[in-house]
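Here is what each chain is made of, one letter per residue.
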Amino acid sequence: MLDRLSSSQEELHSAELQQDAEAAGCTKIGDCGDRQIVKVTGTLRTVTLRPRAGVPALEAELFDGTAALDVVWLGRRSILGIEPGRKLIATGRISMSHGRRVLFNPKYELRPLGQE
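Source: prediction; values computed, not measured.

Rules used throughout
- Residues numbered from 1 in each chain as written.
- Predicted model: local features only at pLDDT ≥ 70, side-chain atom pairs only at ≥ 80, totals over all residues.
- Heavy atoms only, no water.
- Helix = DSSP H or I, 4+ residues; strand = E, 2+ residues; numbered from the N terminus.
- Rg over C-alpha atoms; globule rule 2.2 N^0.38 Å.
- Buried < 20%, exposed > 50% of the residue type's maximum accessible area, 1.4 Å probe, protein only.
- Contact = heavy atoms within 4.5 Å.
- Lys, Arg positive; Asp, Glu negative; His and termini not counted.
- Charge placed at Lys NZ, Arg CZ, Asp CG, Glu CD.
- Salt bridge = Lys/Arg side-chain N within 4 Å of Asp/Glu carboxyl O.
- Phe/Tyr/Trp six-rings, centres within 6.5 Å; stacked < 30°, edge-to-face > 60°.
- Lys NZ or Arg CZ within 6 Å of the ring centre and 35° of its normal.

*Asks:* Quick one: what's the story with the overall build of the protein, residue by residue and with numbers?
*Replies:* When its secondary structure is counted, the protein shows 2 helices and 6 strands. Moving toward the C terminus, one meets the helices and strands of the protein in the order α-α-β-β-β-β-β-β. The globule rule puts the C-alpha radius of gyration for 116 residues at 13 Å, and the 15 Å found for the protein is close to it. Principal-axis analysis of the C-alpha atoms gives the protein an extent of 50 × 30 × 25 Å. The 116 residues of the protein split such that 37% are buried. Contacts spanning at least 24 positions in sequence make up 53% of the contacts within the protein whose residues lie at least 6 apart. Charged side chains of the protein number 16 positive and 15 negative; the gap between the two group centres comes to 8 Å.

*Asks:* Provide a residue-level description of unusual backbone geometry, including the pertinent values.
*Replies:* Positioned with a positive phi, A53 is a non-glycine residue whose angle comes to about 55 degrees. A positive phi angle is found at N105, which is not glycine, with a value near 45 degrees. Following the sequence through the fold, N105 ends up in the loop between β5 (100-104) and β6 (107-110).

*Asks:* Quick one: what's the story with the pattern of salt bridges, residue by residue and with numbers?
*Replies:* A side chain with one charge may pair with a side chain of the opposite charge, provided their charged atoms come close. Evaluated as defined, the whole model comprises 6 salt bridges. In this structure, K87 and D20 form a salt bridge, with 3.1 Å as the shortest nitrogen-oxygen distance. Within this pair, whereas K87 is found in strand β4 (residues 87-97), its partner D20 is found in helix α2 (residues 9-23), the two being separated by 67 residues in sequence. The exposure class of K87 is buried, given its relative accessible area of 7%. Judged by relative accessible area, D20 falls into the partly exposed class, the value being 23%. One salt bridge in this structure joins R100 and E61, with 3.1 Å as the shortest N-O distance. With a gap of 39 residues between them, R100 in strand β5 and E61 in strand β2 (residues 57-63) connect regions that are remote in the sequence.

*Asks:* Report on the environment of V40, specifying residues and quantitative values.
*Replies:* Within the secondary structure layout, V40 lies in strand β1 (residues 37-49). The spacing of V40 and V55 is 15 residues in sequence and 26 Å in space, taken between C-alpha atoms. Beyond its immediate stretch of four places on either side in the chain, V40 contacts C26, T27, I29, C32, L62, L69, L88, I89, A90 and L103.

*Asks:* Outline the environment of P112, listing residues and values.
*Replies:* Mapped onto the elements, P112 comes out in the segment after β6. Using a relative accessible area of 45% as the deciding quantity, one classes P112 as partly exposed. For the pair P112 and K87, spaced 25 residues apart in sequence, the C-alpha to C-alpha distance is 8.0 Å.

*Asks:* So what's going on with the packing of aromatic side chains? Residues and values would help.
*Replies:* Going through the model one piece at a time under the given rule, you end up with 1 aromatic pair. Ring geometry for W73 and Y108: centres 5.4 Å apart, planes at 75 degrees, overall edge-to-face. Here W73, found in strand β3 (residues 68-74), pairs with Y108, found in strand β6; they are 35 residues apart in sequence, far enough to count as distant. Since its relative accessible area comes to 32%, Y108 is described here as partly exposed. Above the plane of the ring of F63 lies R45, whose end atom (NZ or CZ) is 3.7 Å from the centre.

As structure tokens, this is what we get:
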């Protein structure tokens, strides 16, 4: 109880996200390595439209309490349900780009709104 009172809101949210990932049977983003096929879950922090090589690309930052991961859908301007604050599960092969973990065109599952 004392730990909860002395912890910041961000630390409590991170701990909750880590428990979510474990309960869903997902790999923690902080444990993911380059070229590894993973199933990760977390909350979308940001969603932006950023062209890559002249092609539209929807980019989102997924955070699970251990680390962040960039999720990129090439050729997409928007996807219904992909918005900041939404929880999702994503599956695919991790790659490293400029020192950040990236998941291109993942298979994904939006978590029900009631579980947020």
